[in-house]
Amino acid sequence: MPLLVLVLFLLITPPSAVSSTFKKLEKKLSDVRTVKVVFIQKTRYSWYPKPDISKGIFYATKDRKFRIEYTYPDKVTMVSKGEEIIVYNEEDKEAIIDHVENNTSPVIESLFFFSRPLGEVFTPVGEFSKEGLRVLVLEPKRKDENIKKVYVEVDEDLEVKRIRVVDSEDTETTIEFIEVRRNFTPSSGLFDLVLPPDVKIRRAQGSR
């Protein structure tokens, strides 16, 4: 176990405190019907010291629609209105249609914090303080090699500031929330994706 992770676990508070903070956060997020988040994503690989950095915006609704727009370094749009997801790479002029469950990613997992009750998706296993923030340590209830643990950093008002996801290979992806807007009215067509006529569309195996 890396030294930093070991130190963090030594600071974990009793399970009752974890449950209390977790339930308070779940209750606060239950009032969110729609959300728009400007984010910065940093991915650190265990085998490479320099992180990959991406920027973008994601939109989500309580009825599990979402739209993710990566603006840097590549323009990639991901849209879902239910079971299927469309992933459109503007530079490659290619779109892939697949099942949402086949496209788990740290950003998509972050959307669960707004589109589903936390208790349905995660189990709280720890909590500690870091730079004036409370950090919840969560584990997914559904086994997923892409997600081993999730660290959620919140301020004293339980506003989510960062979400860090660690996978089975100890790759760490941090989603930093730069700007958050809640309960906005989505524009018509926000969760539709109109593709240019010259785009190559491919359906992944197993999708409808």
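Residues numbered from 1 in each chain as written. Predicted model: local features only at pLDDT ≥ 70, side-chain atom pairs only at ≥ 80, totals over all residues. Heavy atoms only, no water.

Here's the deal with the environment of Thr171
With respect to the helices, strands and loops of the structure, Thr171 is situated in the loop between β10 (160-166) and β11 (172-182). Considered as a pair, Thr171 and Lys148 are 23 residues apart in the sequence and their alpha carbons are 9.8 Å apart. Apart from the residues lying within four places of it in its own chain, the contact partners of Thr171 are Thr43, Arg44, Tyr45, Ser46, Val165 and Val166. (Helix = DSSP H or I, 4+ residues; strand = E, 2+ residues; numbered from the N terminus. Contact = heavy atoms within 4.5 Å.)

Details of the sheet that holds strand β2 (residues 48-61)
With respect to topology, 12 strands assemble into an open sheet ordered β7-β8-β9-β10-β11-β1-β2-β3-β4-β5-β6-β12, the strand pairing being mixed. Looking at strand neighbours, the two that pair on one side only are β7 (122-130) and β12 (200-203), the edges of this open sheet. Mean inter-strand twist for the sheet, computed between neighbouring axes without regard to direction, equals 20 degrees. (Pairing = 2+ DSSP bridges. Axes fitted to C-alpha atoms, helices over the stretch in contact; angles between N-to-C directions.)

What to know about unusual backbone geometry
In this chain, Tyr72 is followed by Pro73 through a cis amide linkage whose omega measures 0 degrees. With respect to the element layout, Pro73 can be found in the loop between β3 (66-72) and β4 (76-80). In this model, Asp170 sits at a positive phi of 65 degrees, which is unusual for a non-glycine residue. What makes Asp170 partly exposed here is its relative accessible area of 40%. (Buried < 20%, exposed > 50% of the residue type's maximum accessible area, 1.4 Å probe, protein only.)

Details of the confidence of the model for the chain
Counting all residues, the mean pLDDT for the chain is 82, and 81% of those residues have values of 70 or more. Every residue in residues 1-16 scores below 50 in pLDDT, and together they form 14 contacts with partners more than four places removed in sequence or on other chains. (pLDDT = per-residue confidence, 0-100.)

Some remarks on the nonpolar core
Counting residues in each nonpolar core, the largest one holds 31 residues, and the members touching the most others are Leu25, Val150 and Val152. Apart from the residues within four sequence positions on either side, Leu25 is in contact with Leu118, Leu136, Val152, Val154, Leu158 and Val160. (Core = buried A, V, L, I, M, F, W, Y, C linked by side-chain atoms within 4.5 Å.)

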